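Observations on chain architecture
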Amino acid sequence: MHTMLEVCELTGLSYQTLKYYCNEGLVPRVKRDGRNRRVFDDHDVAWIKDLSCLKKCGFSIKDMKRYLELCLQGKATIPERQAMLDVQRAELERRLNEIQTSLDYIDWKQAFYDDVQAGRRPYESNLIGVDEPAR
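First things first, this report covers the structure right here in the doc.

Conventions and cut-offs
- Residues numbered from 1 in each chain as written.
- Predicted model: local features only at pLDDT ≥ 70, side-chain atom pairs only at ≥ 80, totals over all residues.
- Heavy atoms only, no water.
- Helix = DSSP H or I, 4+ residues; strand = E, 2+ residues; numbered from the N terminus.
- Rg over C-alpha atoms; globule rule 2.2 N^0.38 Å.
- Buried < 20%, exposed > 50% of the residue type's maximum accessible area, 1.4 Å probe, protein only.
- Lys, Arg positive; Asp, Glu negative; His and termini not counted.
- Salt bridge = Lys/Arg side-chain N within 4 Å of Asp/Glu carboxyl O.
- Contact = heavy atoms within 4.5 Å.
- Phe/Tyr/Trp six-rings, centres within 6.5 Å; stacked < 30°, edge-to-face > 60°.
- Expected span 1.5 Å × (residues − 1).

Some remarks on the overall build of the chain
- Assigned secondary structure in the chain consists of five helices and two strands.
- Listed N to C, the secondary structure of the chain is α-α-β-β-α-α-α in terms of helices and strands.
- Against the 2.2 N^0.38 benchmark of 14 Å for 135 residues, the chain shows a C-alpha radius of gyration of 25 Å, more extended than a compact globule.
- For the C-alpha atoms alone, the extent of the chain along its principal axes is close to 80 × 35 × 20 Å.
- For the chain, the proportion of its 135 residues judged to be buried stands at 24%.

Some remarks on the side chain of R81
- Inspection of the secondary structure assignment puts R81 in helix 5 (residues 78-117).
- No salt bridge is formed by the buried R81. Its closest oppositely charged neighbour is E80, at 8.1 Å.
- Setting aside its immediate chain neighbours within four residues, R81 contacts Y67, L70, C71, G74 and K75.

Points about the packing of aromatic side chains
- A full pass over the atoms with the stated rule returns seven aromatic pairs.
- Pairing W47 with Y67 gives two aromatic rings, centres 6.5 Å apart and planes at 5°, and the pair type is stacked. With W47 in helix 3 (residues 42-56) and Y67 in helix 4 (residues 61-73), this pair connects stretches of sequence that are 20 residues apart. Each member of the pair W47 and Y67 is classed as buried.

Digging into helix 5
- Counted at 1.5 Å a residue, the expected span for helix 5 with its 40 residues is 58 Å, and the 57 Å between its end C-alpha atoms agrees.
- Close packing links the buried residues of helix 5 with helix 4.
- G119, located one to two residues past helix 5, shows a positive phi value of around 80°.

Thoughts on the environment of C8
- You can see C8 is positioned in helix 1 (residues 4-11).
- With relative accessibility at 10%, the residue C8 sits in the buried group.
- As a C-alpha pair, C8 and K62 span 54 residues in sequence and 22 Å in three-dimensional space.
- Setting aside its immediate chain neighbours within four residues, C8 contacts L13, S14, Y15 and L18.

A few points about the pattern of salt bridges
- Summed over all chains, the structure comprises 10 salt bridges.
- Ionic pairing is found between R94 and E91, a salt bridge with its closest N-O pair at 2.7 Å. Placement of the pair is R94 and E91 together in helix 5, with a separation of three residues, close to one helical turn.
- On the basis of relative accessible area, E91 is assigned to the partly exposed category, the value being 29%.

Any link to function would need more than the numbers given here.
Structure, rendered in structure tokens:
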């Protein structure tokens, strides 16, 4: 069995986040020790790691609760869980494309600045007109 602090170390979650997840019912069947402190077995830790991944994937608390509810219903709900994951995957792909576009812009701009500083190309700006002096 693991204490709250041990689970935080194992999962990378803050104590406050883990406590919040427990209070929100996202960790089912939380066990207590003789001092009434939460304790977790290895299955709980694995599920908490799953919750952390779902959160990083962009699932809201509401979505995570729905996903948990479906998981607790067993194999019959796999298609609905897959649908939830498909929706989130599409959103992650959209965000990834947006990030890649941003990275491409930064790479282009850095190469432009390198070329200007090395004298390989003249400085051009969309903000400073041709006849305006650069400051």
